[in-house]
Amino acid sequence: MEKRYIKEEKQTPVNYLCDTIVAGGGTAGIVAAIAAARNGAKTILIDRYGFVGGTMINGAGPLHSFFNLYKAFPGVEKVQVVRGIPDEIIERMKQKGGSPGHLEQEKGGSYDSVITLIDWEIFKEVAFEMLEECGVTVLLHTMVADVIKDEDRITGVIIEGKSGREAILAENVIDTTGDGDIAAMAGAPFVKRHDTTSVGMPFGMMNVDMPKLLHFLEENDMVNQLIRADKGSETDDVIRLGFELKKIPIFKEYMEKSGMWGPLGFSLYEGNYGYINAANLRAVDATNTEELSNAEIKLRRQIMTLSRMLREHVPGFEKAYVSWTPVGVGVRLTRVIECEHDMSLDEIVNGKRFPDEVMLYGFHDCAPRIMIKDGKYYGIPYRALLPKKVEGLLVAGRMITSEWDAHMSTRNTVSCMAQGQAVGTAAALCAKQGCLPRQLDVDKLREVLKEQNVFLD
Ligand SMILES: Cc1cc2nc3c(=O)[nH]c(=O)nc-3n(C[C@H](O)[C@H](O)[C@H](O)COP(=O)(O)OP(=O)(O)OC[C@H]3O[C@@H](n4cnc5c(N)ncnc54)[C@H](O)[C@@H]3O)c2cc1C
């Protein structure tokens, strides 16, 4: 059938003026908005959901990683590579009882030497508090539906929410939508890379007897990641637990047929195996409404089937029930926006440093198979966050890095947060100096980042 179109003519009120728009209040966006506002920019943060936190609190488990992989390389010094605003968030979380902080892995230290667990509800509280303190205007339940351009410069966005269609004009825009919606709408070149990876949907179960479960798994040599720590219980100290479920034949058959893996998980409270990451589907284009809808239905089916199987076949789960599922499919990779620099795997594993780097990072999600050599860490240059062909725009988060196995490092939560601090600070400096992101003095940006506790040594 021939494709049909309708033509719309609309008059849209300009309801907001600001310095910096941060589109997408996820992992990178929150930090970007805080950084921009603290550096003097009148900032508006927009998210389609009724909370901020994005994939980090709706799919990601432990935050990977504030540290280098020192445990895989005996004698190598332990270094906290990501500091600044991301670490400040964790400190606040600790104060509110929302995180046990940075924990060393007892087993699995060559995958990630230190992991950081957070309570998602307390994270929402902390994030809103920090955004409010620095005066960010937060627009929730709001979709960015289009962009406003003056030739090749983005000058604002069109939003749609319960108030209808509205325009926001700004000095610059940061795209932290994960999928690069804004950059794509503004005409930045991009490639789609969903074919190289999978979408997923972790879930949580209550009433799990964690010590009994661990005992069974250890007896059957199934544990691959473990941390024990005080979680305020007299009997239960199992906080991080990953295991090979496919060692049980009935699970192997079902999981292989449906594409599931793991699981990897964590438990912050007694009896609550709050994060179980196993449901998985390959090659879904999450920028396609129908594909995304079908994935949502299939992943939810995987969760419910697996949870029933766990209850039936695995000691510790006898009385358990599903108590949490995320707001939607967890998306790893869709559009990758073409930027002035594209991080390569070679640069990552060799710990490459750049004169214009604005953050450092030391984790790779394929470790120990792919590791950053000698427990080193690499830099991400400012250019990697600067899209080609569109002026007035910066990007951060899982929409950078086109090689799949390089993306397996840069896309992780703590990297996205650090990228957020870099672009937020850059956007504020641009607004202050009346320049475009492409014209910004990167030495000045690095100086400000260092003053604000970003580790760049
Ligand atoms: C299943 C799964 C498990 C993972 N496990 C881990 C893990 O254990 N550890 C780890 O470190 N990382 C993990 N990751 C990776 C990590 O969570 C993500 O790569 C990272 O959080 C992405 O951050 P981001 O800010 O780029 O995007 P997101 O956090 O996805 O944020 C994008 C935000 O933009 C909003 N948005 C999108 N489009 C629009 C629009 N048009 N208008 C308005 N708002 C919009 C969204 O609502 C969202 O809040 C996992 C990812 C998945 C999917």
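Residues numbered from 1 in each chain as written. Predicted model: local features only at pLDDT ≥ 70, side-chain atom pairs only at ≥ 80, totals over all residues. Heavy atoms only, no water.

In the nomenclature of an unreviewed UniProt entry, the protein chain corresponds to FAD-dependent oxidoreductase from the organism Eisenbergiella massiliensis.

Peer 1: Looking at this model, I keep getting lost on the domain arrangement of the protein chain. Mind explaining?
Peer 2: The figure often quoted for interface size is the accessible area lost as the parts come together. Assigned domains of the protein chain: these are domain 1 (14-60 + 119-195 + 334-451) and domain 2 (198-324). Each of domain 1 and domain 2 was reduced to a C-alpha centroid, and the two centroids are 31 Å apart. Counting from both sides, the interface comprises 13 residues of domain 1 and, opposite them, 13 residues of domain 2. Summing both partners gives a buried area of about 980 Å² for domain 1 against domain 2, and 59% of it is carried by carbon and sulfur. Summed over the shared surface of domain 1 and domain 2, the number is one salt bridge. Across the pair Asp285 and Lys192 runs a salt bridge, and its minimum N-O distance is 2.8 Å. Between domain 1 and domain 2 we count four residue pairs in polar contact (both at pLDDT 80 or more) in total. (Domains from an automatic or database assignment. Contact = heavy atoms within 4.5 Å. Buried area = accessible area lost by both parts, 1.4 Å probe. Salt bridge = Lys/Arg side-chain N within 4 Å of Asp/Glu carboxyl O. Polar contact = N/O pair within 3.5 Å; in protein donor to acceptor, adjacent residues only side chain to side chain.)

Peer 1: So what exactly am I meant to see when it comes to the environment of Phe216 here?
Peer 2: Structurally, the position occupied by Phe216 is in helix α5 (residues 210-219). Considering only alpha carbons, one finds Phe216 and Pro315, 99 residues apart in sequence, at a separation of 6.6 Å. Here Phe216 is in contact with Met222, Ile248, Val314 and Pro315, once residues within four sequence places are set aside. (Helix = DSSP H or I, 4+ residues; strand = E, 2+ residues; numbered from the N terminus.)

Peer 1: Before we go on, may I ask you to explain the sheet that holds strand β12 (residues 223-228) in this structure?
Peer 2: In any sheet, the strands associate via hydrogen bonds between backbone groups, in a parallel or an antiparallel arrangement. Taken together, six strands build an open sheet; the order of strands is β12-β13-β14-β15-β11-β17 and the sheet is antiparallel. Since the sheet does not close on itself, it has two edges, and those belong to β12 and β17 (321-324), each with one partner. With direction set aside, neighbouring strand axes in the sheet form an average angle of 25 degrees. As paired strands, strand β13 (residues 238-243) and strand β14 (residues 264-266) are joined by three bridges and run antiparallel to one another. Bridge pairing links Leu241 to Gly265 in β14. Packed on one face of the sheet, helix α7 (residues 289-313) meets β11 (203-206) and β17 and runs near 35 degrees to β11. (Pairing = 2+ DSSP bridges. Axes fitted to C-alpha atoms, helices over the stretch in contact; angles between N-to-C directions.)

Peer 1: How should helix α6 (residues 249-258) be read in this particular structure?
Peer 2: Restricting attention to buried positions, one finds in α6 the residues Phe251, Tyr254, Met255 and Ser258. When α6 is viewed along its axis, its buried side chains cluster within an angular range of 95 degrees and face the same direction. Exposed positions of α6 whose direction lies more than 90 degrees from the buried face are Pro249, Glu253 and Lys257. Buried residues along α6 sit against β16 (280-282) and α7. Just past α6, the residue Gly259 takes up positive phi, approximately 85 degrees. (Buried < 20%, exposed > 50% of the residue type's maximum accessible area, 1.4 Å probe, protein only. Arc of directions from axis to C-beta.)

Peer 1: Teacher, can you tell me more about the packing of aromatic side chains here?
Peer 2: Aromatic ring pairs are defined here through the distance separating the ring centres and the angle between the ring planes. According to the stated counting rule, one finds nine aromatic pairs in the structure shown. With a centroid separation of 5.5 Å and 10 degrees between ring planes, the pair formed by Tyr49 and Phe51 is classed as stacked. For Tyr49, a relative accessible area of 26% puts it in the partly exposed group. On the accessibility criterion, Phe51 (13% relative accessible area) is buried. What links up through ring pairs into an aromatic cluster is the set Trp120, Phe266, Tyr275 and Trp324. The ring of Phe51 carries the charged tip of Lys124 above its face, separated from the ring centre by 4.8 Å. (Phe/Tyr/Trp six-rings, centres within 6.5 Å; stacked < 30°, edge-to-face > 60°. Lys NZ or Arg CZ within 6 Å of the ring centre and 35° of its normal.)

Peer 1: Help me understand unusual backbone geometry, please; the structure alone is not making it clear to me.
Peer 2: Both trends apply: most residues other than glycine have a negative phi, and most peptide bonds are in trans. With an omega of 5 degrees, the peptide bond between Gly262 and Pro263 qualifies as cis. Mapped onto the secondary structure, Pro263 falls in the loop between α6 and β14. Note that the residue after Ala367, namely Pro368, is joined by a cis bond; omega there is 5 degrees. Along the chain, Pro368 falls in the loop between β19 (357-361) and β20 (378-381). Phi is positive for Asp221, close to 50 degrees, though the residue is something other than glycine. Note on placement: Asp221 falls in the loop between α5 and β12.

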